[in-house]
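# Coordinates in review
Here's the letter readout for the chains.
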Amino acid sequence: VPALRDVYGFNDDQIEFFLLHITADIEHGDHGVQIRTNHTHDERAQHELTLQLTLGPALTATKGYASPDVEQIYARARALCQQIGDTPQLFPVLRGLHRFYLVRAQFQTSRALGAQCLRLAQQVQDAALLLDAQFALGESLFYLGELGAAHEYLTQGFALYAAEAQSAPVFRVVQDLGVSYLFHM
């Protein structure tokens, strides 16, 4: 402060104004750095999530649905989804975990994941996701022995499948869900 007065000839009002701007610049600069750090962190998480979602089906195909490596991939992807926030990639993550727990005969966990898939599909109002989610929940209920509830979800899902088949949609799933629905009904 003495240098401002002695070297630059600032008066008290000018010094106060100068110090106020220096403080504001520091605060804004720190805020800018934090925004950039968060953005870079989110970008990194998004890239890692894309990688995990590429690895999930590949590991499932090579090591099997029940491989601990498959669980690890989808669990990490789920953590990334929670970190990123609202992302359309959450559905395939939940569905991958659902399949893992279903094949491992952890039917209560697969049921909970199937229910999450259904809520998410209903929330985004996506017919293809709803079709897959109805099947996931119905399939879990089937293996839990809750045949009445399973039949309800499977029947609703098959009705949606039949309606969608009339308009020749492009389904985003690997298997023909119509066959899977009929098998479990």
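See above for the structure.
What comes next is a walk through the structure.

What counts, and at which threshold
- Residues numbered from 1 in each chain as written.
- Predicted model: local features only at pLDDT ≥ 70, side-chain atom pairs only at ≥ 80, totals over all residues.
- Heavy atoms only, no water.
- Helix = DSSP H or I, 4+ residues; strand = E, 2+ residues; numbered from the N terminus.
- Buried < 20%, exposed > 50% of the residue type's maximum accessible area, 1.4 Å probe, protein only.
- Contact = heavy atoms within 4.5 Å.
- Salt bridge = Lys/Arg side-chain N within 4 Å of Asp/Glu carboxyl O.
- Axes fitted to C-alpha atoms, helices over the stretch in contact; angles between N-to-C directions.
- Parallel < 35°, antiparallel > 145°, perpendicular 65-115°, else oblique.
- Left-handed = near helix turned anticlockwise from the far one by under 90°.

## Concerning the overall build of the protein chain
Counting secondary structure elements, the protein chain contains eight helices and zero strands. Of the regular secondary structure in the protein chain, the N- to C-terminal order runs α-α-α-α-α-α-α-α. The buried share of the protein chain, taken over its 185 residues, is 32%. Of the contacts made within the protein chain by residues no fewer than 6 positions apart, 55% connect residues no fewer than 24 positions apart.

## Quick notes on the environment of Leu-144
Examined against the element boundaries, Leu-144 turns out to sit in helix H6 (residues 127-144). With relative accessibility at 25%, the residue Leu-144 sits in the partly exposed group. In the structure, Leu-144 is positioned 37 residues away from Phe-107 in sequence and 6.2 Å away in space, judged by C-alpha atoms. Aside from chain neighbours lying at most four places away, what touches Leu-144 is Phe-107, Gln-108 and Arg-111.

## Describing the pattern of salt bridges
Counted under the stated rule, the structure contains four salt bridges. Two residues, Arg-76 and Glu-48, come together in a salt bridge whose shortest N-O distance is 2.7 Å. Taken together, the residues span a long stretch of sequence, with Arg-76 in helix H3 (residues 68-84) and Glu-48 in helix H2 (residues 12-63) at a distance of 28 residues. Between Lys-63 and Asp-69 there is a salt bridge; the shortest N-O distance is 2.4 Å. Accessibility expressed as a relative area gives 28% for Asp-69, which makes it partly exposed.

## Here's the deal with the packing of helix H4 (residues 90-103) against helix H5 (residues 107-124)
Two elements in contact, H4 and H5, have axes whose closest approach is 8 Å; the angle formed by their N-to-C orientations is 160°. For the element pair H4 / H5, the angle class is roughly antiparallel. Seen from above, H4 lies across H5 with left-handed handedness. Contacts from Leu-90, Phe-91, Leu-94, Arg-95, Leu-97, His-98, Tyr-101 and Leu-102 of H4 reach H5 at Phe-107, Thr-109, Ser-110, Leu-113, Gly-114, Gln-116, Cys-117, Leu-120 and Ala-121.

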